[in-house]
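# Structural overview
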Amino acid sequence: MNHLGTKILKTDRLLLRPFTPADAEAMYRNWASDPEVTRFLTWPCHASPEVSARVLADWVESYGKPDYYQWAIVPVELGEPIGSIAVVGCDSRIGQLEVGYCIGKRWWRQGYVSEALGRVIAFLIGEVGASRVTARHDSRNPGSGAVMKKCGMTCEGTLRQADRNNQGICDACVYSILAGEWRGAE
């Protein structure tokens, strides 16, 4: 893989860009403080905008690393972040990158996450050179799996009691798309 870092990516409706410290208030307000959004995630709700600011400070500091990928999901019309999408795991030996995402509930079921995920998959396979992009979700959160399917990912199976999130120990439904499948989908 040829790691390129968090480059600005665009779709018809979205700007995927690196976060800045100025995004803390929007992050807190739009998704990080909502227990419904964080229900199936591995990090707790942010108790204040200051918590969001500390998280963003860590992310911003990491942007200098070429293998660090963390994007703000920004609808062009709105002009502020409504969620995030990131590479949350990397196995360079096999060219595999794992993606995770979350978005504020006001924007659920509007196609934003599938639009963002599709663009990130295209970047990771087409430009970074990943052989395989994966994602996983709690089996009790089928909406996340629907996003993965919409982006051409295949369900590889369910790993029983193989993950942990804010609900405790959970089953993990694993999805992937291979470079050859992605090229074939163009």
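Scroll up to find the structure.
One structure accompanies this document, and this report is about it.

Calculation rules
Residues numbered from 1 in each chain as written. Predicted model: local features only at pLDDT ≥ 70, side-chain atom pairs only at ≥ 80, totals over all residues. Heavy atoms only, no water. Helix = DSSP H or I, 4+ residues; strand = E, 2+ residues; numbered from the N terminus. Buried < 20%, exposed > 50% of the residue type's maximum accessible area, 1.4 Å probe, protein only. Contact = heavy atoms within 4.5 Å. Areas by Shrake-Rupley, 256 points an atom, 1.4 Å probe, with all protein chains shown as cover. Phe/Tyr/Trp six-rings, centres within 6.5 Å; stacked < 30°, edge-to-face > 60°. Core = buried A, V, L, I, M, F, W, Y, C linked by side-chain atoms within 4.5 Å. Salt bridge = Lys/Arg side-chain N within 4 Å of Asp/Glu carboxyl O. Arc of directions from axis to C-beta.

### With respect to the overall build of the protein chain
- Within the protein chain one finds six helices and eight strands.
- Reading the protein chain from its N end, one meets helices and strands in the order β-β-α-α-α-β-β-β-α-β-α-β-β-α.
- Within the protein chain, buried positions represent 48% of all 186 residues.
- Residue pairs in contact within the protein chain that sit at least 24 positions apart in sequence constitute 66% of those at least 6 positions apart.
- Of the roughly 9400 Å² that the protein chain leaves accessible, carbon and sulfur atoms contribute 50%.

### Some points on unusual backbone geometry
- A positive phi angle, near 60°, is found at Arg109, a position not held by glycine.
- Within the secondary structure, Arg109 sits in the loop between strand S5 (96-103) and helix H4 (112-128).
- Using a relative accessible area of 78% as the deciding quantity, one classes Arg109 as exposed.
- Positive phi values are uncommon outside glycine, yet Gln161 reaches one of about 45°.

### Describing the packing of aromatic side chains
- Applying the stated criterion across every chain, the model contains six aromatic pairs.
- Judged by centre distance (5.1 Å) and plane angle (55°), the rings of Phe19 and Trp59 are tilted. Here Phe19, found in the loop between strand S2 (14-17) and helix H1 (24-32), pairs with Trp59, found in helix H3 (residues 49-62); they are 40 residues apart in sequence, far enough to count as distant. The two residues Phe19 and Trp59 agree in class, both being buried.
- Each ring, one from Tyr69 and one from Trp71, has its centre 5.9 Å from the other, and the planes form 25°; the classification is stacked. Grouping residues by exposure puts Tyr69 and Trp71 together as buried.
- Of the aromatic side chains, those joined through ring pairs into one cluster are Phe19, Trp31 and Trp59.

### A short note on the nonpolar core
- By size, the foremost hydrophobic cluster in this structure holds 37 residues, and its most contacted members are Ile85, Leu117, Ile121, Leu124, Val133 and Met153.
- With 11 residues, H4 is the largest single contributor of residues to this core.
- Not counting the four nearest positions on each side in its chain, Leu117 is found in contact with Ile85, Val99, Tyr101, Val147, Met148, Cys151 and Met153.
- One finds Ala32, Val37, Tyr68 and Ala72 within the second-largest nonpolar core, a separate group that totals 14 residues.

### A look at the pattern of salt bridges
- Summed over the entire model, instances satisfying the criterion amount to 12 salt bridges.
- A salt bridge links Glu25 to Arg29; its shortest N-O distance comes to 3.9 Å. With a gap of four residues between them, Glu25 and Arg29 both fall in helix H1, about one helical turn apart.
- Among the salt bridges present, the one from Asp163 reaches Arg136, with a minimum N-O distance of 2.0 Å. Taken together, the residues Asp163 in strand S7 (residues 154-165) and Arg136 in strand S6 (residues 132-138) connect sequence positions 27 residues apart.
- Residue class for Arg136 comes out partly exposed when judged on its relative accessible area of 36%.
- If you follow the salt bridges from partner to partner, you end up with Glu25, Arg29 and Glu80 in one network.

### Topic: helix H5 (residues 142-150)
- Looking only at H5, the buried set comprises Ser144, Gly145, Val147 and Met148. End-on, the buried residues of H5 take up no more than an arc of 155°, which puts them together on one face. Across H5 from its buried face, at more than 90 degrees, point the exposed residues Pro142, Lys149 and Lys150.
- Elements that come into contact with the buried residues of H5 comprise S5, H4, S6 and strand S8 (168-178).
- Phi turns positive one or two residues past the end of H5, at Gly152, with a value near 85°.

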